[in-house]
Amino acid sequence: MSVRAENLRWRAGGKLIVDEVSLSVETGQVLGLLGPNGSGKSSLLRLLAGLRRPEGGRILLDDTDIARLPRRALARQVALVRQHSATDTNMSVREIVRLGRTPHRAALSGWSVADERAVETALAQTGMAARAGQGWQSLSGGERQRTHIARALAQQPTTMFLDEPTNHLDIHHQIELLGLVRRLGLTSIIALHDLNHAAMFCDRVLVLQDGHAVASGTPANVLTESLLAHVFKVACRVTTVPGQDWPHIVFLPPDMARDRAPGQVRTAG
Ligand SMILES: Nc1ncnc2c1ncn2[C@@H]1O[C@H](COP(=O)(O)OP(=O)(O)OP(=O)(O)O)[C@@H](O)[C@H]1O
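Residues numbered from 1 in each chain as written. Predicted model: local features only at pLDDT ≥ 70, side-chain atom pairs only at ≥ 80, totals over all residues.

Novice: I tried to follow the environment of Ala12 on my own but got confused; where do I start?
Specialist: Its place among the elements puts Ala12 in strand E1 (residues 3-12). By C-beta crowding, Ala12 is classed as exposed, having 11 other C-beta atoms within 10 Å. When the C-alpha positions of Ala12 and Val30 are compared, they lie 28 Å apart, and in sequence the two are 18 residues distant. (Helix = DSSP H or I, 4+ residues; strand = E, 2+ residues; numbered from the N terminus. Buried ≥ 20, exposed ≤ 12 C-beta atoms within 10 Å, placed from the backbone.)

As C-alpha cells, then:
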C-alpha cells in the first residue's frame, strides 16, 4: 500500500510543528525520516498514523484519504511503533503482543488459529519467543522495544510507522531490526537518528528541519557533507565502500573540521 501526504500542517502551543510537509512512499519501500531533535519527526508520524488530525493537508493510503477511513479499518492497515511507549501493567510479553490482534477481531469472536499464528510469528521474528511468558516489568529496555515491535507485527499491517525503533537496542539488534523491516516488504516510514543506518536500510530519506521538509531523495543524493553541516551542524566526510551502493558518513570532531580546506566539502547533487 502506498502512502502519500500532501501539504501536512499541524500546530501545537500556537506554533507550527509540521509545516506544509509532503511525502510519498511507494508500496513496499522504506522511507527514513531524519532531522535534528525537535524537528517534527514524531509529530509527523502521529499525523500519518491517524492519531492526530492535521490542520491542513491530507494523507492517502493508496488513493484513500485516511480521514474517511473508520478507525478500525485504519488500524488493520497501519501500525505505529511509538517512542517511549510504556505500560504500568505487568502483562506478559505474549499478552502484550496479543493486543496487536485487536483490530482483526470481531466483538464476540474467540481467539482463532490465525490470531495465534500471527502472535507466534511476530514473537519469533523479533527474537522474543523465548521470553513470551516473562512479565513486562522485568524486561530490559531493548526487550521492551522488541515487544512493542512484535505487537505491531502481530497486527499484520500493510504499512508500518516506526519512531526511533532502534532506541535501547544493542548493535546486533539494531541491524537485525532494520534488516527485518526491509525483509518484511511492508511500506515503512522510520524515524532514525543514525544516518549510516538510514543510508544502509532506507530506499529514500526525507530530512526535516524546524517542521519543514528540506531534502528528500535517495540516501546518496541527500546525505551530503553540505546538507549534514547545514541541518545537523556536524562536519563529516561522506565516502563509499567498494561493493556497497550507499554512502558512509564518517563524522569529524569540531577541531578537525576547522582545519579542513574549504574545497573538501562535497555539495548536494
Ligand atoms: N503537544 C505539543 N504541544 C506543544 N509543543 C509540542 C507538542 N508536541 C510536540 N511539540 C513540539 O514540537 C517540536 C517537534 O517535536 P517532535 O517530538 O515531533 O520532534 P522530533 O523530531 O520527533 O524530536 P526528537 O528527535 O527529539 O524525538 C518540539 O519542539 C516539541 O517540543
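Now, onward.
Novice: How should I be thinking about the site of the ligand in this particular structure?
Specialist: In the neighbourhood of the ligand, the contacting residues comprise Ala12, Gly13, Ile17, Gly35, Asn37, Gly38, Ser39, Gly40, Lys41, Ser42 and Ser43. Of all the elements, helix H1 (residues 41-48) adds the most residues to the shell around the ligand, at three residues. (Near = placed C-beta within 6 Å.)

Novice: Got a minute to help me understand the environment of Asp63 in this structure?
Specialist: Of note, Asp63 is situated in the loop between strand E4 (56-61) and strand E5 (64-65). Asp63 sits 60 residues away from Val3 along the chain, and the two C-alpha atoms are 8.7 Å apart.

Novice: Honestly, the domain arrangement of the chain in this entry has me stumped. Any pointers?
Specialist: Interfaces are frequently sized by the accessible area removed from exposure as the parts join. Assigned domains within the chain: domain 1 (3-217) and domain 2 (224-269). Centre-to-centre, using C-alpha coordinates, domain 1 lies 30 Å away from domain 2. On the side of domain 2, seven residues touch domain 1, which itself brings nine residues to the contact. Among the elements of the structure, helix H7 (195-201), strand E9 (204-209) and strand E10 (212-217) are those that each provide at least two residues to the side of domain 1 that touches domain 2. With four residues, the single largest contributor to the side of domain 1 that touches domain 2 is H7. Considered class by class, the residues forming the side of domain 1 that touches domain 2 number seven nonpolar, two polar and no charged. (Domains from an automatic or database assignment. Contact = placed C-beta atoms within 7 Å. Nonpolar A, V, L, I, M, F, W, Y, C, P; charged D, E, K, R; others polar.)

Novice: Any chance you could explain the sheet that holds strand E6 (residues 78-81) here in plain terms?
Specialist: Overall, mixed pairing links the six strands, which are arranged E6-E7-E8-E3-E9-E10 in an open sheet. The open sheet terminates on both sides in strands that have one partner only, identified here as E6 and E10. Taken pair by pair, the neighbouring strands of this sheet meet at an average axis angle of 15 degrees, ignoring direction. Two elements, strand E3 (residues 30-34) and strand E8 (residues 187-191), share four bridges in a ladder whose sense is parallel. Looking across to E8, one finds that Leu31 is bridged to Ile189. Running at roughly 155 degrees to E8, H1 makes contact with E3, E6, strand E7 (159-163), E8 and E9 of the sheet. (Pairing = 2+ DSSP bridges. Axes fitted to C-alpha atoms, helices over the stretch in contact; angles between N-to-C directions.)

Novice: What is the right way to look at the confidence of the model for the chain in this model?
Specialist: Low pLDDT marks regions whose predicted coordinates should not be analysed in detail. Mean pLDDT over the chain stands at 90; residues scoring 70 or higher make up 92%. In this model, residues 261-269 is a region of pLDDT below 50 whose contacts with residues beyond four sequence positions or in other chains number twelve contacts. (pLDDT = per-residue confidence, 0-100.)

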